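Now for the letters of each chain:
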Amino acid sequence: DCDLAYAGARRSAWTLASGVTACGLQRDLAMRSDRLRGTTHLVLVAMALAASMHLLALGQPTVPRFYPDDPLRYDNDRVVDIRRVDDIKLDDYFDFIENVFLSPGDRRAIHAVNVNTLDEVPDSSWFTNRIGARDLPLEALVTGPDRPVTFGAGWTIVGGKNRGFHPGFRAIDRSDPTGTVYQLEVDAPAHPEMASGAEVIGAAFYHAFGYNTVDVYLTEIDSTRLEIDPKATIRDANGRRPFTRRDLDDIVQNAARRPNGRIRVTAERFPDEDDMGRFEYHGTRPDDPNDIHLHEHRRELRGSRVFAAWLNHDDSRALNTLVLRHREGGRRFFKYYIVDFGSLLGSATRFADTAQAGREYALAWRPSLLTFLSFGLYVRPWLHQPPVSDLPAVGRFTADGFDPERWVAEYPKVAYENMRADDAFWAARIVAAFDDVRVRAIVSKGQYSDPRVVDELTRVLLARRQRILDVWLTAVNPITHAALSRDGVLTFENVAVTHEIGGRPDGYILQWSRFHNEDDTHVPIGAPVRVTDPRAELPATEAVRGADYVSVAVRTIHPGFPDWRPVQLYFRATSG
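Residues numbered from 1 in each chain as written. Predicted model: local features only at pLDDT ≥ 70, side-chain atom pairs only at ≥ 80, totals over all residues. Heavy atoms only, no water.

Trainee: Which residues make up the pairing of strand 17 (residues 567-572), and what values do they have?
Mentor: Side chains of strand 17 alternate between two faces, with V567, L569 and F571 buried and Q568, Y570 and R572 left unburied. Sheet topology places strand 16 (residues 549-557) next to strand 17; 6 bridges connect them, and they run antiparallel. Bridge pairing in strand 17 links Y549 to R572. (Buried < 20%, exposed > 50% of the residue type's maximum accessible area, 1.4 Å probe, protein only. Helix = DSSP H or I, 4+ residues; strand = E, 2+ residues; numbered from the N terminus. Pairing = 2+ DSSP bridges.)

Written out as structure tokens, the structure is:
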């Protein structure tokens, strides 16, 4: 398993040699096989195979389960300085065809490959632990990635949009001496404030979850003060051409206007870093040597299905991602972003979501066949969904009939399909950290002119949140936040009980053991002990004295969840 070997390379000299040299070289050659031809390719592959066989013949020695720096809080995925990059362009139509008609990626039901010994996702160039891991002030939660900024009244258009269905253009605020480029997008006349509100709310939520997002702001523009840079261009079906006044008229004439005649827009700041395109929800980037984990086995991408279901972000796909090459301390590395949130919370940017959104793929084979064979008598369940809200800024966003397990995006993604119960539990704990006050505060960032919109969106989000907790906080044995005090008192939290999900358990059965880290073996300490509360005493026996590690298996006794597996907790002795 190439990815597991790469992960081990950060710990073991053996896996450093076998994983990086042999496995990694083979994988990199396979990824670049389209650029290698003839004898050169055969020779390089033969060299890689020979290196692999030689290293495997050395045998793998026994290695400890834990190392002194466990648990890793930061995945240093910036080790290699990325000087050379490839021009990788991902076409949206290709991404659709590949995921719908083909079977890309690794679909094995394996454990997420980028978690630490606490089964958590370390901080990395993909993800930063925020809500749920740190006590974020409410103001910081709402602000997200934004920074203090004030816009002037005049904008100069420098080009058309570079992606997406949402109408807009790229422009520079003429009062800004830095010349920062922003992507401005407008609301449809039938749904003022809908897409723009969804955009800023979605960016704040995803940033709070832990993802990299770009800063985006709400502002108003006067269409009479828009100017077009003579060098501005736009790309259409025939290629790139000059951006004209007609292009601008097509946008502003189909934009919702405020009572003052101005147009409300979102202004997404274009980062100064090198734009490297997008990432897919499977595979790795061949030009990023630090991207060692298959995307479909990254927990933050698997678990993002839970967040997308909560916000009904059915437009979560490769088109709405971004890869930037950052520079830090003379080193260059890739950073991976999730962007473009105008199509969530019932919005489809130009119009309200269809009843099908989130409930069935855009191209669903079985329902389509049933409809065809029954001559239309088969009625798809989503056809019974309630109509669009009478609040134009809400669109179609409801908790009625919401089933998190059956929720789907517009089309399949391997990372979503690979999501396991432990991935969903990880994400559900993050969702659980959003209480009523936090949800309402982030929704209020949409600056809706009608306060009923904030009330409705908050109500639906809280109802969908509850359904997610009901389903996925009980997906695994929900034991978290274990601690062993200096005087030998074990405490832990049953997060399902904390959030009043599934009822109280009948108790817990604990089996203590002395753990030998060097050979990964357990020596039981006494007989299993049953307790009613999440608290117990470490057995005061001779087996505990001088132990570097002790361990306890915690089995939760719950009649509603008889299949829960025990959670194995490990504690390492320190100087204290």
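Trainee: Quick rundown of the side chain of R278? Include the residues and the values.
Mentor: Among the secondary structure elements, R278 is positioned in the loop between strand 8 (274-275) and helix 8 (299-302). Nearest to the buried, unbridged R278 among oppositely charged side chains is D92, at 5.5 Å. Reaching out from R278, the side chain makes a polar contact with the backbone oxygen of L90 at a distance of 2.7 Å. (Lys, Arg positive; Asp, Glu negative; His and termini not counted. Salt bridge = Lys/Arg side-chain N within 4 Å of Asp/Glu carboxyl O. Polar contact = N/O pair within 3.5 Å; in protein donor to acceptor, adjacent residues only side chain to side chain.)

Trainee: Describe in detail the nonpolar core, supporting the description with residues and values.
Mentor: Counting 78 residues, the largest nonpolar core has F209, W310 and F434 as its most contacted members. Ignoring anything within four residues of it in the chain, the contact list for F434 reads I131, L141, F205, A208, F209, W310, V439, I442 and R465. Residues V186, I234, L248 and I251 belong to the second largest nonpolar core, which totals 21 residues. (Core = buried A, V, L, I, M, F, W, Y, C linked by side-chain atoms within 4.5 Å. Contact = heavy atoms within 4.5 Å.)

Trainee: Now, about the sheet that holds strand 4 (residues 216-221): what can you tell me, with residues and values included?
Mentor: The strand order across the open sheet formed by 7 strands is 4-7-3-2-1-5-6, and the pairing between neighbours is mixed. Whereas interior strands pair on both sides, the edge strands pair on one side only; in this sheet they are strand 4 and strand 6 (239-242). Direction aside, neighbouring strands of the sheet carry axes that sit 30 degrees apart on average. Pairing between strand 1 (residues 155-160) and strand 5 (residues 226-236): 4 bridges, direction parallel. Pairing of T156 across the sheet is with E227, part of strand 5. Packed on one face of the sheet, helix 7 (residues 245-252) meets strand 1, strand 2 (168-173), strand 3 (181-186), strand 5, strand 6 and strand 7 (263-269) and runs near 90 degrees to strand 5. (Axes fitted to C-alpha atoms, helices over the stretch in contact; angles between N-to-C directions.)

Trainee: Hey, could you go over the pattern of salt bridges for me, with residue numbers and the actual values?
Mentor: Considering all chains together, one arrives at 35 salt bridges under this definition. D215 serves as the salt-bridge partner of R269, at 3.0 Å between the closest nitrogen and oxygen. You can see R269 sitting in strand 7 and its partner D215 sitting in the loop between helix 6 (194-209) and strand 4, a full 54 residues away along the chain. D215 shares its class with R269; the two are buried. Between D435 and R438 there is a salt bridge, and its shortest N-O distance comes to 3.2 Å. With relative accessibility at 23%, the residue R438 sits in the partly exposed group. The structure contains a network of salt bridges with shared partners spanning D119, R299, R302, R420, D422 and D423.

Trainee: Describe the side chain of N320, listing the residues and the values that go with them.
Mentor: By secondary structure assignment, the location of N320 is in the loop between helix 9 (304-311) and strand 9 (321-328). Of the residues examined, N320 reaches a relative accessible area of 4% and is grouped as buried. Setting aside its immediate chain neighbours within four residues, N320 contacts D315, I338, V339 and D340.

Trainee: Go over helix 4 (residues 92-101), please, and point to the residues and values.
Mentor: Within the sequence span of helix 4, burial applies to D95, E98, N99 and V100. Of the residues flanking the start of helix 4, the one acting as N-cap is D91, its side-chain oxygen 2.9 Å from the backbone nitrogen of Y93.

Trainee: Report on helix 9, specifying residues and quantitative values.
Mentor: With 8 of its 8 residues buried, helix 9 lies for the most part within the structure. Within helix 9, burial applies to S304, R305, V306, F307, A308, A309, W310 and L311. If you follow the buried residues of helix 9, they end up packed against helix 6, helix 8, helix 11 (414-417), helix 12 (421-432), helix 13 (436-443) and helix 14 (451-472). Taken from the residues just after helix 9, N312 is the one with a positive phi, measuring 55 degrees.

Trainee: A description of the sheet that holds strand 10 (residues 331-338) should follow, citing residues and the corresponding values.
Mentor: Here we have 3 strands laid out as an open sheet, ordered 8-9-10, and antiparallel in their pairing. The open sheet terminates on both sides in strands that have one partner only, identified here as strand 8 and strand 10. Sheet analysis places strand 8 next to strand 9, joined by 2 bridges and oriented antiparallel. Considered in strand 9, the bridge of D275 is made with L324.

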